[in-house]
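Given next are the chains, with one letter for each unit.
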Amino acid sequence: MVVSKSWTLVRHFEGAPKLEDFKLIEKELPPPKDGEVLLESEFWSVDPYMRVYSKKSLKEGDVLMGSQVARVIKSKNPAFAVGDYYVARSGWTTYFISDGKELRALPSSWPESLPRSLALGALGMPGVTAYIGLHLICNPKPGEVFLVNSAAGAVGTIAGQIAKIKGCKVVGSAGSDEKVEYLKEIGFDETFNYKTVSSLDEALKKASPEGYDCYFEQVGGKFGDAALQQMKDFGRIAVCGCISMYNDSIPQTGPYVHPLILFKQLRMEGFLIFRYENKPIYEEAQKKLLEWILEGKVKYHEHITNGFENMPAGFIGMLNGENTGKAIIKA
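What comes next concerns the included structure. From a predicted model like this one, the values you see are computed outputs, not experimental measurements.

Details of the packing of aromatic side chains
The relation between two aromatic rings is expressed through the spacing of the ring centres and the mutual angle of the planes.
Now for step 1: The final tally for this structure, using the stated rule, is 13 aromatic pairs.
Now for step 2: Ring centres of Tyr53 and Phe274 lie 6.3 Å apart, and the angle between their planes is 85°; this geometry places the pair in the edge-to-face category. One end of the pair, Tyr53, is in helix H1 (residues 49-57); the other, Phe274, is in the loop between strand E13 (267-270) and helix H8 (280-295), and 221 residues separate them in sequence.
Now for step 3: A relative accessible area of 22% means that Tyr53 is categorised as partly exposed.
Now for step 4: Seen in terms of ring centroids, Trp92 and Phe315 are 5.5 Å apart; in terms of plane orientation they differ by 75°. Their pairing is edge-to-face. Here the residue Trp92 occupies a position in the loop between strand E5 (85-88) and strand E6 (95-98), and Phe315 occupies one in helix H9 (residues 311-319), the gap between them amounting to 223 residues.

Topic: empty space enclosed by the protein
Now for step 1: Within this structure, the stated rule accounts for one cavity of 30 Å³ or more.
Now for step 2: Space inside the largest cavity adds up to approximately 50 Å³.
Now for step 3: As for the largest cavity, its lining consists of Leu118, Gly121, Ala122, Ala154, Thr157, Ile158, Tyr300, His301, Glu302, Gly325 and Lys326.
Now for step 4: Among the residues making up the lining of the largest cavity, the classes are represented as five nonpolar, four polar and two charged.

Concerning the pairing of strand E12 (residues 231-239)
Now for step 1: Sheet analysis places strand E11 (residues 212-217) next to E12, joined by five bridges and oriented parallel. Its bridge partner lying in E12, Cys214 is registered against Arg236.
Now for step 2: Note that the unit made of E11, helix H6 (residues 221-229) and E12 has a crossover that is right-handed.

Quick word on the sheet that holds E12
Now for step 1: One open sheet accounts for six strands, arranged E10-E9-E8-E11-E12-E13; its pairing is parallel. Two strands lie at the open edges of the sheet, namely strand E10 (190-193) and E13, each paired on one side alone. For this sheet, the mean angle separating the axes of adjacent strands, direction not counted, is 15°.
Now for step 2: Here strand E8 (residues 145-148) runs beside strand E9 (residues 169-174); their pairing, made up of four bridges, is parallel. When the bridges of E9 are listed, Leu147 appears paired with Val171.
Now for step 3: Most of the contacts of helix H3 (residues 154-165) go to E8, to which it runs at about 175°, and overall it touches E8, E9 and E11.

Quick look at the environment of Phe271
Now for step 1: Mapped onto the secondary structure, Phe271 falls in the loop between E13 and H8.
Now for step 2: For Phe271, a relative accessible area of 5% puts it in the buried group.
Now for step 3: Taking C-alpha positions, Phe271 is 29 Å from Leu114, a pair spaced 157 residues apart along the chain.
Now for step 4: Once residues within four sequence positions are removed from consideration, Phe271 is found in contact with Thr129, Ile132, Gly133, Ile137, Phe216, Ala238, Val239, Cys240 and Tyr276.

Remarks on H8
The α-helix advances 3.6 residues per turn, and as a result positions three or four apart in sequence lie on the same side.
Now for step 1: Given a rise of 1.5 Å per residue, 16 residues ought to cover 22 Å, and the 23 Å separating the end C-alpha atoms of H8 matches this to within 8%.
Now for step 2: Among the residues making up H8, those that are buried are Ile281, Tyr282, Ala285, Gln286, Leu289, Leu290, Trp292 and Ile293.
Now for step 3: Buried residues belonging to H8 abut strand E7 (104-105), helix H2 (125-138) and H3.
Now for step 4: Downstream of H8 by one or two residues, Gly296 has phi in the positive range, about 85°.

Thoughts on the layout of surface pockets
Now for step 1: When its volume is computed, the second largest pocket comes out at roughly 340 Å³.
Now for step 2: Sorting the residues of the lining of the second largest pocket by element identifies E5, H2 and H8 as the ones contributing at least two each.
Now for step 3: Across the lining of the second largest pocket, the residue classes tally to ten nonpolar, five polar and six charged.

Details of the nonpolar core
Nonpolar side chains tend toward joint burial in soluble globular proteins.
Now for step 1: If you look at the biggest cluster of nonpolar residues, it comprises 51 residues, and the most contacted ones within it are Leu123, Phe146, Ile162 and Phe216.
Now for step 2: Counting only elements with at least two residues in this core, the list comes to E5, H2, E8, H3, E9, helix H4 (177-185), E11 and H8.
Now for step 3: In this structure, Val46, Met318, Leu319 and Ile329 belong to the second largest nonpolar core, which totals 20 residues.

About the criteria used
Along every chain, residues carry numbers that run from 1 in the direction the sequence is written. Confidence filtering applies because this is a predicted model: local features only for residues at pLDDT of at least 70, side-chain atom pairs given and counted only at 80 or more, and all residues used for totals across whole chains, interfaces and linings. Each side-chain value is worked out from all heavy atoms of the structure, with water and hydrogens disregarded. Pairs were defined over the aromatic rings of Phe, Tyr and Trp, the Trp ring being its six-membered one, requiring ring centres within 6.5 Å. Orientation was assigned from the angle between planes: stacked under 30 degrees, edge-to-face over 60, tilted for the rest. The secondary structure listing takes helices from DSSP runs of H or I that are at least 4 residues long and strands from runs of E that are at least 2 residues long, numbered from the N terminus. Classification of residues uses two cut-offs on accessible area relative to the type maximum, computed with a 1.4 Å probe and protein chains only: under 20% is buried, over 50% is exposed, and between them is partly exposed. Within this scheme a cavity is a closed region of a 1 Å grid, computed over the protein atoms alone, that accommodates a 1.4 Å probe without allowing it to escape, whereas a pocket is open but has protein on both sides within 12 Å along at least five of seven lines; lining residues each have an atom within 4 Å of a point. Grid points are joined across faces, edges and corners, and a volume is the space filled by probe spheres set on the points. Throughout this entry, Asp, Glu, Lys and Arg are counted as charged residues, while Ala, Val, Leu, Ile, Met, Phe, Trp, Tyr, Cys and Pro are counted as nonpolar. The remaining residues, Gly among them, count as polar. A pair of strands counts as paired when DSSP detects no fewer than two bridges linking them. Throughout, right-handed denotes a crossover for which the path from the first strand over the helix to the second runs clockwise when the strands point away from the viewer. Fitted lines through C-alpha atoms serve as axes, helices being fitted only where they are in contact, and the angles separating the N-to-C directions of these axes extend from 0 to 180 degrees. Contacts were defined at the residue level, with two residues in contact if any of their heavy atoms lie within 4.5 Å. Multiplying one less than the number of residues by 1.5 Å gives the expected span of a helix. In this description, a nonpolar core means a group of buried Ala, Val, Leu, Ile, Met, Phe, Trp, Tyr and Cys residues linked to one another through side-chain atoms lying within 4.5 Å.

Have a look at this one:
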């Protein structure tokens, strides 16, 4: 028998998640049946969406949702060999049994030089989110100005670098001076610390006096209000998150955006990556991102928290902006 550890939800989050909202449990797993495989998790992802969807999808006492990179350690299914690695969505758990239907194999061309944790970051859901938002919504053209907030995070770092590859001037905001310096290191043209500027409006104008053609939105709230004011006519806005609002007990109210969208003739579209998981563009994105990483055109950074027992702290830290690049929990 294998004993699996899992983090469960004690109570639904009220405001920011707290350590006492989580409970670690242990459970013996039976041997896999015919057609099943037993996997051991090696890396787990913590992402902002977990904060939002926990209330929509989980009951108190359920295992927290999330993805992992896991290795097959026992197999009763000929399609899955012992030792092979897969990305799964089995939540915050150390061992699990699968029938294989929800397992996504790592790309067959995965180089030994790259950590498998990248399948949860630059070569996984966050990287693909950046790729799809740019290609299907923003569609940036050479010489255009591209803005991304939460730019030092898992999605923002990749989105900005793709925009540079496309020939754009790239502006990024982040929440610390260290993150701002990192953005400069990976090629962003203009950066600023949104926490220390005296005015978001002035910071955005200084970074690009001519305005913005494309805006990759992950924050919402006051930042979104300010950025919309400075979009150029026919600008495109891809919305994949609004992290500044996730912990609100009472919804924020802000300026009415309809006149801006109408008279500037803006395109503003929200998208969820899960919609594209089984479409050709997902594999296209992974293939292209891998190519760019190996060529040195896209750089990645991982914020590693060691130890499954520290997973709630890693999740809370990610929501507080402690990570540069992708937040990963390592076994």
